[in-house]
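Next come the chains, spelled out residue by residue.
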Amino acid sequence: MEKIERLINLTAYLLESGRPVTFERLCRTVYADVSSKGPALHRMFERDKDELREMGIEVRAETLEPEGETGYTIPRDEYYLPHLELSPAERVALTMVSRLFLGTGTPFSGPAHSALLKFAFDVEGGVDADAVPHVHWVGVPRDRRLLNAILDGLTGHKDLRFSYRSMGSSEPVQREVSPYGLFNRRGSWYLVGRCHLRREVRSFKLDRVTSPIEVNRKKPHKPDFEVPDSFDLRSETRWEWPGGTGGTARVRFEPRLAYGFSGGGARVEGSRRREDGSVDVTYVVEDPEEFVDWILEFGAGARILSPPGLVDLAVERIRGALEAVEGNA
Amino acid sequence: MLNKIGSRLNRILLMVPLILREEGASMEELCDALGAGREEILADLDVLFLCGLPDYGPGDLIDRRILDDRVYLSMADFFSRPLTITTDEALALLVAGEALVGAGFFEPGSPAGSALKKVGDVVPGQGRGSAEEIARHIDVKLGANPGRWWEVIEEGLERGKDLRLEYYSFSRGDVTSRDVEPLSLVTSYGHWYLLAWCRRVEGRRLFRLDRIISVEMIDPTGDGRSDDGLEMPELVGELKPGRNAHYVKLRFSGREGRRLLEEWPAATFTEQDDGTLTVVLRTRNLSWLSRYLIRFGDRLRIESPKKLRKLVREAASKMLEVYG
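Residues numbered from 1 in each chain as written. Chains lettered and ligands numbered in written order. Predicted model: local features only at pLDDT ≥ 70, side-chain atom pairs only at ≥ 80, totals over all residues.

Participant: How should I be thinking about the overall build of chain B in this particular structure?
Facilitator: Across its full length, chain B holds 9 helices and 13 strands. Counting over 324 residues, chain B shows a buried share of 41%. Within chain B, counting contacts between residues at least 6 apart in sequence, those at least 24 apart form 55% of the total. (Helix = DSSP H or I, 4+ residues; strand = E, 2+ residues; numbered from the N terminus. Buried ≥ 20, exposed ≤ 12 C-beta atoms within 10 Å, placed from the backbone. Contact = placed C-beta atoms within 7 Å.)

Participant: Help me understand the overall build of chain A in this model?
Facilitator: When helices and strands are tallied, chain A shows 9 helices and 13 strands. Going through the 329 residues of chain A one by one, you find that 39% of them count as buried. Sequence-distant contacts in chain A: of pairs separated by 6 or more residues, those separated by 24 or more amount to 58%.

Participant: Explain the sheet that holds strand β1 (residues 21-22) of chain A here, please?
Facilitator: Hydrogen bonds between backbone groups are what pair the strands of a sheet, and the pairing can be parallel or antiparallel. Residue and element names in this part refer to chain A. On the basis of which strands lie adjacent, the open sheet formed by 3 strands has the order β1-β3-β2 and antiparallel pairing. If you trace the sheet from one side to the other, it starts and ends with β1 and β2 (60-64), each paired once. Looking at chain direction, β1 and strand β3 (residues 69-73) are connected through 2 bridges and run antiparallel. Paired with Val21 across the strands is Tyr72, a residue of β3. (Pairing = 2+ DSSP bridges.)

Participant: Would you mind showing me how to read the interface of chain A and chain B here?
Facilitator: The interface is formed by 101 residues belonging to chain A together with 104 residues belonging to chain B. At 14 residues, the largest contribution of residues to the side of chain A that touches chain B is made by helix α9 (residues 308-327) of chain A. When the residues that make up the side of chain A that touches chain B are grouped by side-chain class, the tally is 51 nonpolar, 25 polar and 25 charged. The pairing of strand β6 (residues 173-185) of chain A with strand β4 (residues 138-140) of chain B spans 3 bridges and is parallel. The partner of Leu182 of chain A across the bridge, within β4 of chain B, is Ile138 of chain B. (Nonpolar A, V, L, I, M, F, W, Y, C, P; charged D, E, K, R; others polar.)

Participant: Whenever I open this one, unusual backbone geometry confuses me. Can you help?
Facilitator: The linkage connecting Ser306 of chain A with the following residue, Pro307 of chain A, adopts the cis geometry, with an omega of 0°. By secondary structure assignment, the location of Pro307 of chain A is in the loop between β13 (302-306) and α9. Omega for the bond connecting Ser304 of chain B with Pro305 of chain B falls within 30 degrees of zero, at 0°, which places this linkage in the cis form. Here Pro305 of chain B shows up in the loop between β13 (300-304) and α9 (306-323). In this structure, Tyr56 of chain B is a non-glycine residue whose phi angle is positive, near 55°. Tracing the backbone shows Tyr56 of chain B in the loop between α3 (38-49) and β2 (63-67). Judged by local crowding, Tyr56 of chain B falls into the partly exposed class, with 16 C-beta atoms found within 10 Å. Residues other than glycine seldom take positive phi values, yet Asp69 of chain B does so here, at roughly 65°.

Participant: Mind showing me how you'd approach the domain arrangement of chain B here?
Facilitator: Buried accessible area, meaning the area lost when the parts come together, often serves as the stated size of an interface. When its domains are assigned, chain B resolves into domain 1 (4-79), domain 2 (87-135), domain 3 (147-218) and domain 4 (246-323). One C-alpha centre belongs to domain 1 of chain B, the other to domain 4 of chain B, and the line joining them spans 48 Å. (Domains from an automatic or database assignment.)

Participant: How do you make sense of α9 of chain B when you look at a structure like this?
Facilitator: Count 3.6 residues to each turn of an α-helix, and residues three or four apart come out pointing the same way. Residues and elements named next belong to chain B. For α9, built from 18 residues, the straight-helix expectation of 26 Å at 1.5 Å per residue is met to within 8% by its first-to-last C-alpha distance of 26 Å. Residues of α9 that are buried include every one of Leu308, Leu311, Val312, Ala315, Ala316 and Met319, and no others. Seen along its axis, α9 keeps its buried residues to an arc of 125°; they face one direction. Facing away from the buried side of α9, by more than 90 degrees, are the exposed residues Lys306, Ser317 and Glu321. (Expected span 1.5 Å × (residues − 1). Arc of directions from axis to C-beta.)

Participant: What is the right way to look at the packing of α9 of chain A against α9 of chain B in this model?
Facilitator: How two helices sit against one another is set out by the angle between their axes and by the gap between those axes. Between α9 of chain A and α9 of chain B, the least distance of the axes is 9 Å, while the angle of their chain directions is 145°. Regarding α9 of chain A and α9 of chain B, the two cross each other, and that crossing is left-handed. Taking contact as the criterion, the partners of Val311, Ala314, Val315, Ile318, Arg319, Ala321, Leu322, Val325 and Glu326 of chain A in α9 of chain A are, on α9 of chain B, Arg309, Val312, Arg313, Ala316, Ser317, Met319, Leu320 and Tyr323 of chain B. In terms of residue class, the contact of α9 of chain A with α9 of chain B is made up of 12 nonpolar, 1 polar and 4 charged. (Axes fitted to C-alpha atoms, helices over the stretch in contact; angles between N-to-C directions. Left-handed = near helix turned anticlockwise from the far one by under 90°.)

Participant: Please clarify how the confidence of the model for chain B should be interpreted in this entry.
Facilitator: In low-pLDDT segments, the atomic positions of the prediction should not be examined closely. On average, residues of chain B score 81 in pLDDT, and 84% of them are at 70 or above. Complex prediction metrics read pTM 0.74 and ipTM 0.76. (pLDDT = per-residue confidence, 0-100.)

Participant: Explanation requested: the pairing of β3 of chain A in the structure shown.
Facilitator: Residue and element names in this part refer to chain A. As defined by bridge partners, β2 adjoins β3 across 5 bridges and the pair is classed as antiparallel. When the sheet's bridge partners are listed, Leu64 is paired in β3 with Glu69. Linkage of β2 to β3, two consecutive antiparallel strands, is achieved through a turn of 4 residues, within which Gly68 is found at a positive phi near 75°.

Participant: It is not clear to me how the nonpolar core should be interpreted in this structure. Could you clarify?
Facilitator: If you look at soluble globular proteins, the nonpolar side chains tend to sit buried side by side. Counting 83 residues, the largest nonpolar core has Val97 and Ile150 of chain A together with Ala92, Leu93, Val95, Ala96 and Leu100 of chain B as its most contacted members. By residue number, the principal contributor to this core is helix α4 (residues 87-102) of chain B, which donates 9 residues. Among all residues touching Ala92 of chain B, those that are not within four sequence positions of it are Phe101, Phe108, Pro111, Ala112 and Ala115 of chain A. The next biggest cluster of nonpolar side chains, apart from the first, holds 44 residues, and it includes Ala249, Ile304, Leu313 and Ala314 of chain A. (Core = buried A, V, L, I, M, F, W, Y, C linked by C-beta atoms within 7 Å.)

Here is the structure:
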């Protein structure tokens, strides 16, 4: 019998039976055709329960009177989708929310889709899908495996191991990180965690991870670390800044491109139009590298004025590109 | 995240209620809803056919019939209502909800908040490993609020109006006027796009919001779109480069070359044994590509075409002059 059939039969029986079922009874029913016996069979049952728990199906154990045997059950009120009693406005909002990640390469797209299907069971006549504003996230599944590993680490509080090439260094270095959080800026994913090598909380850009991410498989049910109470993802993202000057940057756009200055990933703090029509813009910058990449796209039409660290980074990129084409010409 | 068996079991436990909800379900509906192919659905039905309740006699097993491409099930009433919202599902909703609140689509205290709370309340588990706890450690920021044009676009969507856009085309380097029927707002890699039916080219086009110079609401100038339904283009970028496109071959010294997927989703990527990455793509737009590639500095080699090397050299020299 295939494992999937066994799991379906186990779920069906424990759900339908209405009263707890002993392991002995399971051996004669769900597990009757299994070749394992004794302790091996019991371990199989434990693994099956773990598998179901991963999926959100909880197998409960109860002590049966009068013999004191253990019986197992899946409570119906825990298994079945409850009636959420959503108001029409809530349905619209939830439809919009669950649509955001549909069809994308993130680990959220599949679950968002099945959630949307489940909500339809709760709605008389369904939601008029066309009336819900469409907001979509579009991406390509380039980071899916890395993201899955990070989510596993975040969920089980397990350490992660991977090679990482940091900004300005040419060789990747093996890192061990206790994952504290995951965030996305301008479409790029970043892992935040305590780096065992640097002994502090750092942000790691997934684009710079040069190997698969390994989750520590030792003692899967025992957490490797605790996230400190003081940790706050939204304030704790520490960026590596070239030259150590963080915060704001100033850029001059030529008149032809002056329309475009507010479009990048950085927040505009202020802007000043000069006599010749060009515009000087001050940005609050998070990720300096993303920012420089964006400005470089404007070609000679935009120039970073400050801070020097970012100017250097831009010039380094331009020089590097120039040397590379001359080198392989 | 679920393993292979977990995902399959999840799909089967959702498929059964979809079939039982009404009198059966068509094969097409099931494939669409479950995002699975015909073969997979048939294989799942074969598995169900072998399952049931003790004593697993003929009268205890789930029965499936397929008539005129419609699937019917019986003896599966215990799975007639779906499994409750799972941790993975709640997590996806919480992350998406937060992102939309952050991008300004929902006010604090809006129906989205109360709906997500209802979802959170039905998900089992508290504390470590719960969806709410994990969601607190994930933050997706959808880039700058699309604010400036969103209201006009939304009104256009609601009232079935067309929009007249003044649009800066990066590839052409000039401003054009386009009449479009708005369909949806799309966010991709930190940029916001309007997905719209462009009357001029009679096709779906994505317009980057930060390149829209002005929007004006106008009465629809043409007939409604000829195609039915809203089908999201899965990828943004040059999907159909056309016959005149240049064939470009690049070699990167590291993984960051994968970023080209953002703009050229149809590119092919080959990882070499020495750790370098070869990327092949087709584009009509060498000039923009040359500026885009500068970000990779010396970690990039342009194998072909020669013209692209020349353009990068020109662009980089000009930029160096600007920086003095």
